[in-house]
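Residue strings, one per chain:
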Amino acid sequence: MRRGEVWLVKLEPAVGAEIGKTRPAVIVSQDSIGILPLKVIVPITKWQEQYAGRDWMVRLEPSAENGLTKPSAVDTFQVSSVSEQRLVHRTDF
């Protein structure tokens, strides 16, 4: 579980407008910090043109480095710290 990797993450139970279900997410926390088994993640979703005007939605282009297979987006309003137990497996989204 390293910074920049994409993992499937179990985000249930969700409360209010939180993203729920099992979703791909990118790990953004530094590998060298943290005593607790937590990771800071940002959920990934399929890019939609309506996101272009939303400053908090960051477009990700597919590349060999990130393993994405299609244009995607991260929703920076949904940044969260989660237990490593919520990370299901590494994935190529």
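This text gives an overview of the structure that appears in the document. Along each chain, residues carry numbers from 1 onward, in the same order as the chain's sequence is written. Only residues with pLDDT of at least 70 get local features here, since the model is predicted, and only at 80 or more are side-chain atom pairs given and counted; chain-wide, interface and lining totals rely on the full set of residues. Side-chain figures throughout are based on the complete set of non-hydrogen atoms in the structure, without hydrogens or water.

As for the packing of aromatic side chains
So, step 1. Pairs were defined over the aromatic rings of Phe, Tyr and Trp, the Trp ring being its six-membered one, requiring ring centres within 6.5 Å. Orientation was assigned from the angle between planes: stacked under 30 degrees, edge-to-face over 60, tilted for the rest. The final tally for this structure, using the stated rule, is 2 aromatic pairs.
So, step 2. Residues Trp-47 and Tyr-51 carry aromatic rings whose centres are separated by 5.7 Å and whose planes lie at 80° to one another, so their mutual orientation is edge-to-face. Tyr-51 matches Trp-47 in its accessibility class, with the two residues each being buried.
So, step 3. Taking the centre distance of 5.1 Å and the plane angle of 20° together, the rings of Trp-56 and Phe-77 count as stacked. With Trp-56 in the loop between strand E3 (38-46) and strand E4 (57-60) and Phe-77 in the loop between strand E5 (72-75) and strand E6 (80-83), the pair connects residues that are 21 residues apart, well separated along the chain.
So, step 4. Throughout, exposure labels follow a simple rule: accessible area from a 1.4 Å probe, protein chains only, divided by the maximum for the residue type, with under 20% read as buried, over 50% as exposed, and the rest as partly exposed. Given the relative accessible area of 31%, Trp-56 is considered partly exposed.
So, step 5. Judged by relative accessible area, Phe-77 falls into the exposed class, the value being 62%. We count a stretch as a helix when DSSP gives it H or I for four or more residues in a row; a strand needs E for two or more, and each element gets its number in order from the N terminus.

Thoughts on the nonpolar core
Most often, soluble globular proteins keep nonpolar side chains buried together rather than apart.
So, step 1. Counting 8 residues, the largest nonpolar core is built from Trp-7, Val-9, Leu-11, Ala-25, Ile-27, Ile-41, Val-82 and Leu-87.
So, step 2. Mapped onto this core, the elements with two or more residues apiece are strand E1 (6-10) and strand E2 (22-27).
So, step 3. The criterion used for residue contact is that any of the two residues' heavy atoms lie within 4.5 Å. If we ignore the near neighbours within four places in the chain, the residues touching Trp-7 are Met-1, Arg-23, Pro-24, Ala-25, Ile-27, Leu-87, Val-88, His-89, Arg-90 and Thr-91. The term nonpolar core refers to a set of buried residues drawn from Ala, Val, Leu, Ile, Met, Phe, Trp, Tyr and Cys, joined through side-chain atoms within 4.5 Å.

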